[in-house]
Amino acid sequence: MARTSMPSIPVAPSGLTRRAQRFVEVDGIRVPMQDIRHHRDAWAGRGIPAAEIDRAMEFQDRWGGLALPPAPFYEGGPRILDADHPEGSEAEGWSFPAGSGRVSMAYGFMIGPEGEFGIDANRWTPLHANTDGWVESLALAAHAGRWAKTVTKIRGRAVDSLDLGGYEPVPEVQGLIDTWWRGEDSLIALYRGEAVGLDAPQCLEAHLYAGLDEWGLHGG
């Protein structure tokens, strides 16, 4: 399979916050990626619409070959962001893989019909409105974990009792099923994807980053 050579030090795509740009360029690496343009004719011959092939190629141009540090949930997330052939139908919508998981898992990481980043478990579960939101969430977790005085993990039913009064959503993560919340001196990450996608409430998890100063709360 043909692979495209790229510099190992990545350049962050445009549109990210400065925090996420630093995360991608300091903590990420680029690896050779498949040139999926060679598959266009074969995929079109299988009835995949040209617009869906273009979407996969646009993802590959923006994110393909990027390896980031492990995510704090979802068994670390994709090893490398890497598109593959779209699957679906006009009635159900089209999705394509976002990259294989780091370990064997009960779901895969997918890009949904509207560009959402999510998991394909018992049901399609969109975590963020797009891949930028996923990367922003990784960057925020790394940043908050570095600057918080304490990090507390809350699991299962206890997550439902969290009081988010006084908190506001963090917009750059573009959360759908998963969301981040910013308070006076703390950040809360709510990971609902496995609970929803696997119909498993016990998989609910929240991470509370407490004791943050202004830099820790925002940091770019």
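The written sequence of each chain sets the order in which its residues are numbered from 1. Only residues with pLDDT of 70 or above have their local features reported here, since the model is predicted, and side-chain atom pairs are shown and tallied only from 80 upward, although totals for entire chains, interfaces and linings are computed over all residues. Only hydrogens and water are set aside when side-chain values are computed; all heavy atoms of the structure are taken into account.

Caption draft 1: Representation of the pairing of strand β7 (residues 108-111) within the structure. Examined bridge by bridge, strand β6 (residues 93-99) and β7 share three bridges and lie antiparallel to one another. Note on β7: the bridge partner recorded for Pro97 is Met110. Paired strands are those between which DSSP finds at least two bridges. Secondary structure elements follow DSSP: runs of H or I of four or more residues count as helices, runs of E of two or more count as strands, with numbering from the N terminus. In terms of strand pairing, β7 meets strand β8 (residues 117-120) through four bridges, oriented antiparallel. In the sheet register, Gly108 faces β8, and the bridge partner there is Asp120.

Caption draft 2: Expanded view of the packing of aromatic side chains. Side-chain rings of Phe, Tyr and Trp, where Trp is taken by its six-membered ring, are said to pair if the distance between their centres is within 6.5 Å; with planes under 30 degrees apart they count as stacked, over 60 as edge-to-face, and otherwise as tilted. In this structure the tally under the stated criterion is eleven aromatic pairs. For the ring pair Phe73 and Tyr74, a centre distance of 4.8 Å and an interplane angle of 80° mean the geometry is edge-to-face. Across the pair, Tyr74 and Phe73 agree in class, each one buried. Aromatic pair Phe109 and Trp134: ring centres 6.2 Å apart, planes at 45°, arrangement tilted. Of the two residues, Phe109 is situated in strand β7 and Trp134 in helix α4 (residues 131-147); the sequence distance between them amounts to 25 residues. By the burial criterion, Phe109 is buried, and Trp134 matches it. Ring-pair connections join several aromatic residues into one group, and the members of that group are Phe73, Tyr74, Tyr107, Phe109, Phe117, Trp134 and Tyr191. With a 1.4 Å probe rolled over the protein chains alone, any residue whose accessible area is under 20% of its type maximum counts as buried; one over 50% counts as exposed, and the rest are partly exposed.

Caption draft 3: Structural detail: the layout of surface pockets. Of the voids in this model, the largest pocket is the one considered here, and its volume is about 200 Å³. The wall of the largest pocket is formed by Arg55, Glu58, Phe59, Arg62, Trp63, Phe96, Ile111, Gly115, Asn130, Thr131 and Asp132. For the lining of the largest pocket, the elements supplying multiple residues, two or more each, are α3 (50-63) and α4. Classification convention: Asp, Glu, Lys, Arg as charged; Ala, Val, Leu, Ile, Met, Phe, Trp, Tyr, Cys, Pro as nonpolar; all other residues, Gly among them, as polar. For the lining of the largest pocket, a count of residues per class yields four nonpolar, three polar and four charged. Put simply, the grid is 1 Å and covers the protein atoms alone, a cavity is a trapped set of points that fit a 1.4 Å probe, a pocket is an open set with protein on both sides within 12 Å along at least five of seven lines, and lining residues have an atom within 4 Å of a point. Grid points are joined across faces, edges and corners, and a volume is the space filled by probe spheres set on the points.

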